[in-house]
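A structural walkthrough
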Amino acid sequence: PVLRWLDRCTLRRDDVVIGSCQAIADRYRAMGARSVAVSYYGCDVHAIDPAISSAPFRREFGLAPATPAIGMIAHMYRSRLRAFRDIGVKGHEVFIDAAPLIRAQVPGAALFVIGDELAGDHGYRRELEQRAAARGGGITFTGHRPDIASVLAGLDVVVSPSMEESACYAVVEALLMGKGVIASNVGGLPDTIRHGQTGLLVPPGDPAALAGAVTDLIADPALRTRMGHLGRTECLHRFDISTTVHQVESVY
């Protein structure tokens, strides 16, 4: 409430508000911003090479070539905000709750949670691990991985079940790797994923919908390839740091 009040009190002093996705731009436009622009977070889009081998990651975890591998890549954020007490910002709980459904529909699937807490005593991670164990286990928590390209290469499907999001680099990187991607239909994720074209969007906080989308992509490798190829093509342009710097420079 305090931050919302500050926004409303200062918004009309701004010549322009630059949103990091269309949803945030729309939010500030509705609050009364005089002028609104959109500029996506840029990155080195060529740092992710889709030709990198999947063998190192899959060998590390003993995955056979035909074993479907599904992963969620995100930092673990504990939040005291009421909206995220039951399900964290990144939606780890949704993926964990979807895991039994995924394993039932995709026998032999390997599930991974990649990432860790940024700070603290890792209590939230332990809570997530306990939640997974209570639902039958079957999820490997890898912790932080600096070799994200190698991790992505070893996965078949990447999920981002966030409850709130602006621009999600994990999704961008997955598409740059040409992977099948599933994300919540919230915030800036629809800017990156066009449903049925570059990936699949599911309602936030819906484990059954997430599991169903994972099953659909695992069952159709050609669809994953087609979506991944188009997603990579679009991300190469939209999230190129040169493009986004030019956008901001043009606004100024």
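Quick summary incoming for the structure in this document. Along each chain, residues carry numbers from 1 onward, in the same order as the chain's sequence is written. This being a predicted model, a pLDDT of at least 70 is required before a residue's local features are given, and a value of 80 or more before pairs of side-chain atoms are given or counted; all residues contribute to the totals for chains, interfaces and linings. Excluded from the side-chain calculation are hydrogens and water; included are all heavy atoms of the structure.

So, on to the overall build of the protein. Numbering of helices and strands runs from the N terminus, with a helix taken as a DSSP run of H or I at least four residues long and a strand as a DSSP run of E at least two residues long. Looking only at helices and strands, one finds 11 helices and 8 strands in the protein. Taking 18 Å as the expected radius of gyration for a compact globule of 252 residues, we find that the protein reaches 19 Å, a close match to that expectation. Taken over the C-alpha atoms alone, the protein extends approximately 60 × 40 × 30 Å along its principal axes. Exposure classes here rest on a 1.4 Å probe applied to the protein chains alone. A residue is buried below 20% of its type maximum, exposed above 50%, and partly exposed in between. Expressed as a percentage of its 252 residues, the buried residues of the protein come to 50%. Intrachain contacts of the protein at a sequence separation of at least 6 include 65% that bridge at least 24 residues. Within the structure as shown, the protein displays about 12,400 Å² of accessible surface, and the carbon and sulfur contribution to it stands at 54%. Averaging the coordinates of the 26 positive side-chain charges in the protein and doing the same for the 27 negative ones gives two points 4 Å apart. Only C-alpha atoms enter the radius of gyration; for comparison, a globular chain is expected to reach 2.2 Å times N to the power 0.38, where N is the number of residues. Pairs of residues are marked as contacts when any of their non-hydrogen atoms sit within 4.5 Å. Surface accessibility follows the Shrake-Rupley procedure with a 1.4 Å probe radius. Residue values consider only the protein chains on display as shielding. A residue counts as positive if it is Lys or Arg and as negative if it is Asp or Glu; His and the chain ends are not included. Note on charges: their place is set at NZ of Lys, CZ of Arg, CG of Asp or CD of Glu.

Below, the discussion takes up helix α7 (residues 169-176). Counting buried positions along α7 yields 6 of 8 residues, so the element is predominantly enclosed. Listing the buried residues of α7 in full gives A170, V171, V172, A174, L175 and L176. Taken from the residues just after α7, G178 is the one with a positive phi, measuring 80°.

Before going further, it helps to spend a moment on the pairing of strand β6 (residues 157-160). Covered by surrounding structure in β6 are V157 and V159 together with V158 and S160, the residues of both alternating faces. A pair of strands is labelled paired if DSSP reports no fewer than 2 bridges between them. Sheet analysis places strand β3 (residues 69-73) next to β6, joined by 3 bridges and oriented parallel. Its bridge partner lying in β6, I70 is registered against V157. Taken together, the 4 bridges between β6 and strand β7 (residues 180-184) define a ladder with parallel strand orientation. Among the inter-strand pairings, V159 is bridged to a residue of β7, identified as I182. Of the crossover connections in this fold, the one passing from β6 over α7 to the parallel β7 is right-handed. For crossovers, right-handed means that the path from the first strand over the helix to the second runs clockwise, given strands pointing away from the viewer.

Under this scheme, a helix contributes an axis fitted over its contacting stretch, all axes are lines through C-alpha atoms, and angles between N-to-C directions fall in the 0 to 180 degree range. At a minimum axis distance of 8 Å, the contact between helix α4 (residues 92-105) and helix α9 (residues 207-219) shows a crossing angle of 45°. Considering the angle they form, α4 stands oblique to α9. The handedness of the crossing between α4 and α9 is right-handed. Residues V94, F95, D97, A98, L101, I102 and Q105 of α4 lie in contact with α9, whose contacting residues are P207, A208, L210, A211, G212, V214 and T215. In this classification, the charged set is Asp, Glu, Lys and Arg, the nonpolar set is Ala, Val, Leu, Ile, Met, Phe, Trp, Tyr, Cys and Pro, and all remaining amino acids, among them Gly, are polar. Residue composition of the contact of α4 with α9, grouped by class: 10 nonpolar, 3 polar and 1 charged. Geometric relationships in this document are graded by angle, where less than 35 degrees denotes roughly parallel, more than 145 denotes roughly antiparallel, 65 to 115 denotes roughly perpendicular, and other angles denote oblique. For any pair of crossing helices, the crossing counts as left-handed if the nearer helix is rotated counterclockwise from the farther one by less than a right angle, and right-handed if it is rotated clockwise.

Once that is clear, we can look at the pairing of β3. Burial of β3 is extensive: 5 of the 5 residues sit out of reach of the surface. Burial along β3 is two-sided: A69, G71 and I73 and I70 and M72, pointing in opposite directions, are all buried. Where β3 and strand β4 (residues 110-114) come together, 5 bridges link them in parallel fashion. Among the inter-strand pairings, I73 is bridged to a residue of β4, identified as I114.

Further remarks concern the nonpolar core. Counting residues in each nonpolar core, the largest one holds 42 residues, and the members touching the most others are I73, F112 and L155. Residue contributions to this core peak at 6 residues, all from α7. Excluding anything up to four places from it in sequence, I73 contacts I114, I148, V151, L152, L155, V159 and A170. The set of buried Ala, Val, Leu, Ile, Met, Phe, Trp, Tyr and Cys residues whose side-chain atoms join them within 4.5 Å is what this entry labels a nonpolar core. L128, A132, F141 and I182 belong to the second largest nonpolar core, which has 32 residues in total.

Right, let's talk about the pattern of salt bridges for a bit. Salt bridge criterion: a side-chain nitrogen from Lys or Arg within 4 Å of a carboxyl oxygen from Asp or Glu. Evaluation of the coordinates by the stated rule reveals 14 salt bridges. Note that R34 and D15 form a salt bridge whose closest N and O atoms lie 3.4 Å from each other. Here R34, found in the loop between α2 (22-30) and β2 (36-38), pairs with D15, found in the loop between α1 (2-10) and β1 (17-19); they are 19 residues apart in sequence, far enough to count as distant. Residue D15 is classed as exposed on the basis of its relative accessible area of 63%. Note that R131 is salt-bridged to D97, the shortest N-O span being 2.9 Å. You can see R131 sitting in helix α5 (residues 123-134) and its partner D97 sitting in helix α4, a full 34 residues away along the chain. When its relative accessible area of 22% is taken as the criterion, D97 is described as partly exposed.

So, about a nonpolar patch on the surface. A cluster of nonpolar side chains, namely V2, L3, W5 and L6, defines an oily patch on the protein surface of about 470 Å² accessible area. Mapped onto the secondary structure, L6 falls in helix α1. Given the relative accessible area of 40%, L6 is considered partly exposed. Exposure above 30% relative accessible area and the absence of a salt bridge qualify a residue for a patch, where like charges join within 9 Å and nonpolar side chains (Val, Leu, Ile, Met, Phe, Trp, Tyr) within 5 Å.

So yeah, pure geometry; function would need other evidence.
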